[in-house]
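Structural characterization, general
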Amino acid sequence: MSISQLARSIKESATLKLNETAAILRDKGEPVIHLGGGEPKGRAPIDAITTASSMMVTGEVRYSPADGIPSLKKAIIRYTEECYNRVVTPANVIASSGAKQSIMVALQTLLEPKDEVIFAAPYWVSYPEMVKLAGGVPVVVTPEDGTFQPTIEEFAALVGSYTKAIIINSPNNPSGVMYKKDFIAELVQFCEKKGIYLIMDDTYNRLVFDGQAPINCYEFAKDFSEHSKLIVINCVSKMYAMTGFRIGWTVAAKEIVQAMTNIQSQQTSGPATPSQWAAVGALTGVQSSIDGLRMTLENARNVMIARLNMIPGVKVVKPNGTFYCFPDFSAYEKDSAKLCQMLLDKVRVVTVPGKEFGMDGHLRLSYCGSLKEIKEGVERIQWAIDPNSPNELYLGDRKLVRDWA
Ligand code: GLU
């Protein structure tokens, strides 16, 4: 068997793997609480379903153009104007099979061998692997302990002659923290000045709490000509609870979009046509589901943070967006993979180890499940790690007895 060196260097996606683990255990009837998931639990908007269904019933499901069907590009243009106040043309837009493909194809479009791409820890699990797959070298900024807020100086210190791009994901997966507006403003201008591409992974842009407005990166960009360095990526996955439809998109200078389209046309062709119609339905339909989701998540965030704060020694930064938080459990266990495994084995709670996001000692916990699951999940975690917990815990009618330190 001859597996390439590149393939051997690529890790499996921890987030997807843990989704699978949770599903397998559930199928076996185990009382699993999945706090590791990265998807809202609600249904896709009805407009998404009806638009895709009326296309499906014709039975004529054909290839789409490699960069997406014109109706979707039109809907994306409108979204960009409404949410970012930026007027773009179809030549600036390419739809892909999820934001994951958008990021991957953007990196393949930009990187020469050995080019460096900088991003901040904690980072989304797939960034380092995607950069490697595109032939580049991942470079990680680690913000000052406990803040999750990188600074422009930390990025500037790592910029060198091989730096091709910076990736920013704010609000951030896994910390849930929205970066400061001043930082985004400085970074957009810094990248323009230095000629570095700035990939804004705005997947969670609309999911911000406490009455705050989403940050609009275009506001700080002088340039949106063919020389623009700003590449903005979005998707329907999180804001419309449409993860399985796999529709994301990129807005960028037309030369970049053209090159991305060429790559995509050889790689996967355009995204699945029914999914694109579903995205058209979501983007052009009634938008109230986003507000509903945001309110549900904000409430769930409050419940999870209040419950986590009851565990002595656990430090948690209150997230102001997404549906994740990233508590520090190092007072109990510094090896996050070991802790994650222990929680799965002992109390059947699924989490994602901080190590996978470039920050050990932490776990990523999601609050996109029910309030009951959130409360019970954190209670089980406390029971498993806090030596002052009672000796016994019931998972349904299964009695657990603490027999570990
Ligand atoms: N983005 C989600 C997560 O971080 C979905 C899984 C994935 O594609 O990584 O859990």
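Above this text is the structure in question.
A brief report on the enclosed structure follows. Throughout, residues of each chain are indexed from 1 in the direction in which the sequence is written. Where totals are concerned, whole chains, interfaces and linings use all residues; where local detail is concerned, this predicted model gives features only for residues with pLDDT of at least 70, and gives and counts side-chain atom pairs only at 80 or more. Side-chain metrics in this entry use all non-hydrogen atoms of the structure; hydrogen atoms and water are not considered.

**Quick notes on the sheet that holds strand E4 (residues 137-141)**
As summarised here, the arrangement of the seven strands in space is E2-E8-E7-E6-E5-E3-E4, forming an open sheet in which the pairing is mixed. A strand with exactly one partner marks an edge of an open sheet, and here the two such strands are strand E2 (93-96) and E4. Neighbour to neighbour, the strand axes of the sheet diverge by 20° on average, direction disregarded. The pairing of strand E3 (residues 116-120) with strand E5 (residues 163-169) spans three bridges and is parallel. In the sheet register, Glu116 faces E5, and the bridge partner there is Thr163. Sheet strands touched by helix H5 (residues 98-110): E2, E3, E5, strand E6 (197-201), strand E7 (230-235) and strand E8 (248-251). Its angle to E7, the strand with the most contacts, is close to 160°. Each pair of strands is called paired provided DSSP finds at least two bridges between the two strands. Helix and strand definitions follow DSSP, with helices as H or I runs of at least four residues and strands as E runs of at least two, each counted in order from the N terminus. Fitted lines through C-alpha atoms give the axes, limited to the stretch in contact for helices. The angle between two N-to-C directions lies from 0 to 180 degrees. Any two residues having at least one pair of non-hydrogen atoms within 4.5 Å are treated as being in contact.

**Some details on the packing of aromatic side chains**
Aromatic pairs are defined between Phe, Tyr and Trp rings, using the six-membered ring for Trp, whenever the two ring centres lie within 6.5 Å; interplanar angles under 30 degrees are classed as stacked, those over 60 as edge-to-face, and all others as tilted. What the rule picks out here adds up to 13 aromatic pairs. On the basis of an interplanar angle of 85° and a centroid distance of 5.5 Å, the ring pair of Tyr79 and Trp249 is categorised as edge-to-face. In this pair, Tyr79 sits in helix H4 (residues 70-84) while Trp249 sits in strand E8, placing the two residues 170 residues apart along the sequence. Taking the relative accessible area as the measure of exposure, Tyr79 reaches 5% and is therefore buried. Their ring planes at 35° and their centres at 5.9 Å tell us that Phe155 and Phe183 sit as a pair that is tilted. Buried residues are those whose accessible area, probed at 1.4 Å on protein chains only, stays under 20% of the maximum for their type, while exposed residues exceed 50% and partly exposed ones sit between those limits.

**Section: the site of the ligand**
A single heavy atom is enough: if one lies within 4 Å of a molecule or strand, its residue is considered near that molecule or strand. Around the ligand lies a shell formed by Ser13, Thr15, Leu16, Gly38, Lys100, Trp124, Asn173, Lys238, Tyr324 and Arg364. Identification of polar contacts relies on pairs of N or O atoms within 3.5 Å, with a donor-acceptor requirement for protein atoms, meaning one able to donate a hydrogen and the other able to accept it, and with residues adjacent in sequence counted only if both atoms are side-chain atoms. At 3.1 Å, a side-chain N or O of Trp124 approaches an oxygen atom of the ligand. One of the side-chain nitrogen or oxygen atoms of Lys238 is found 3.0 Å away from a nitrogen atom of the ligand. Considering the ligand on its own, with 280 Å² of exposed area, one finds that the protein chains cover 87% of that surface. Residue type decides the class: Asp, Glu, Lys and Arg count as charged, Ala, Val, Leu, Ile, Met, Phe, Trp, Tyr, Cys and Pro as nonpolar, and the leftover types, Gly among them, as polar. In the shell around the ligand, the residues fall into three nonpolar, four polar and three charged. Computed with the Shrake-Rupley method and a 1.4 Å probe, the accessible areas treat only the protein chains shown as cover for residues.

**As for the sheet that holds strand E11 (residues 352-353)**
Within the open sheet, the three strands sit side by side as E9-E12-E11. Their pairing is antiparallel. The open sheet has two edge strands, strand E9 (324-325) and E11, and neither has a second partner. Strand direction decides the pairing type here: E11 and strand E12 (residues 363-366), joined by two bridges, are antiparallel. Paired with Val352 across the two strands is Arg364, which belongs to E12.

**As for the pairing of strand E14 (residues 398-401)**
Note that strand E13 (residues 392-395) and E14 share four bridges and pair antiparallel. In the sheet register, Leu395 faces E14, and the bridge partner there is Arg398. Hairpin connection, E13 to E14: the antiparallel pair is bridged by two residues, and Gly396 has positive phi, about 60°.

**Considering the packing of H5 against helix H6 (residues 126-133)**
Axis angle and axis distance: for two packed helices, these are the angle between their axes and the distance between the axes, and together they describe the pair. Closest axis-to-axis distance for the H5/H6 pair is 9 Å, and the angle between their directions is 40°. Here H5 is positioned oblique relative to H6, judged by the angle of their axes. Crossing of H5 against H6: the hand is right-handed. Counting all contacts with H5, which are made through Lys100, Ile103, Met104 and Leu107, the residues of H6 involved are Ser126, Tyr127, Met130, Val131 and Leu133. Here the word oblique covers every angle except those under 35 degrees (roughly parallel), over 145 (roughly antiparallel) and from 65 to 115 (roughly perpendicular). Each helix crossing is assigned a hand: it is left-handed if the near helix lies turned anticlockwise from the far helix by less than a right angle, otherwise right-handed if that turn is clockwise.

**Details of the pairing of E6**
Along a regular strand, successive side chains alternate from one face of the sheet to the other. Buried residues dominate E6, accounting for five of its five residues. Pairing between E5 and E6: five bridges, direction parallel. Of the residues in E6, the one forming a bridge with Asn169 is Asp201. Note that the unit made of E5, helix H8 (residues 181-194) and E6 has a crossover that is right-handed. The pairing of E6 with E7 spans four bridges and is parallel. Within E7, the position partnered with Met200 by the bridge is Val232. Looking down the strands as they point away from the viewer, one classifies a crossover as right-handed if the path from the first strand across the helix to the second runs clockwise.

**So, unusual backbone geometry**
Ala121 connects to Pro122 through a cis peptide bond whose omega is -5°. Checked against the element boundaries, Pro122 lands in the loop between E3 and H6. That bond from Ser170 to Pro171 is cis: its omega, -10°, falls within 30 degrees of zero. Within the fold, Pro171 resides in the loop between E5 and H8. Unlike most non-glycine residues, Arg246 shows phi in positive territory, near 60°. Looking at where Arg246 falls in the secondary structure, it is placed in the loop between E7 and E8.

In short, the description is geometric, and any link to function would need to be established separately.
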